[in-house]
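Chains, contacts and geometry: an overview
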Amino acid sequence: MVPSIITERIGTLEALIERYPLKIPLTKAAEFLDVNADGLMAALMRGNTPFGFAYQKQDGGNRVAVIPTATFYLWFTNTNGINVRTHDMPKKGKVS
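Please read these numbers as outputs of a predicted model, since none were measured by experiment. (Residues numbered from 1 in each chain as written. Predicted model: local features only at pLDDT ≥ 70, side-chain atom pairs only at ≥ 80, totals over all residues. Heavy atoms only, no water.)

**With respect to the pairing of strand E2 (residues 63-66)**
When strand E1 (residues 53-56) meets E2, the two strands line up antiparallel, connected through four bridges. Among the inter-strand pairings, Tyr55 is bridged to a residue of E2, identified as Val64. (Pairing = 2+ DSSP bridges. Helix = DSSP H or I, 4+ residues; strand = E, 2+ residues; numbered from the N terminus.)

**As for unusual backbone geometry**
Unusually for a residue other than glycine, Asp34 sits at a positive phi of about 60 degrees. Backbone geometry at Asn78 places phi at a positive 55 degrees, although glycine is not the residue there. You can see Asn78 is positioned in the loop between helix H4 (69-77) and helix H5 (81-88). Owing to a relative accessible area of 70%, Asn78 belongs among the exposed residues under this scheme. (Buried < 20%, exposed > 50% of the residue type's maximum accessible area, 1.4 Å probe, protein only.)

**What to know about the packing of helix H1 (residues 4-19) against H4**
Between H1 and H4, the shortest axis-to-axis distance is 11 Å and the interhelical angle comes to 170 degrees. The orientation of H1 with respect to H4, classified from their angle, is roughly antiparallel. Side by side, H1 and H4 meet where Arg9, Ile10, Leu13, Leu16 and Ile17 of the first sit next to Thr69, Phe72, Tyr73, Phe76 and Thr77 of the second. Of the residues in the contact of H1 with H4, the class split is seven nonpolar, two polar and one charged. (Axes fitted to C-alpha atoms, helices over the stretch in contact; angles between N-to-C directions. Parallel < 35°, antiparallel > 145°, perpendicular 65-115°, else oblique. Contact = heavy atoms within 4.5 Å. Nonpolar A, V, L, I, M, F, W, Y, C, P; charged D, E, K, R; others polar.)

Honestly, that's just the spatial picture; any functional story needs more than this.
Laid out in structure tokens, this is it:
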């Protein structure tokens with residue numbers, strides 16, 4: 001049996017990805033992970049996260065965080081895109 005806290009977290013993740021289908025805002029990702037947004041930005045800037053990246057537009061300019069929704073979901077659920085695609089795809093009909 002899966003603990004209820006796990007099913008709740010997956011439910012929260014599903015709501016997050018439905019709201020942000022392409023990219024998850026830094027603050028929302030940090031909130032979901034229960035970490036400080038500045039710390040998450042620093043990790044993204046250093047390349048320490050497998051689910052996103054960040055860059056600085058110019059010297060002294062704004063920093064931009066990019067957290068692709070699909071990558072974040074696959075990282076958090078520890079799945080790969082092949083299993084997700086084949087599991088959720090409708091069955092193909094016979095080809096004549």
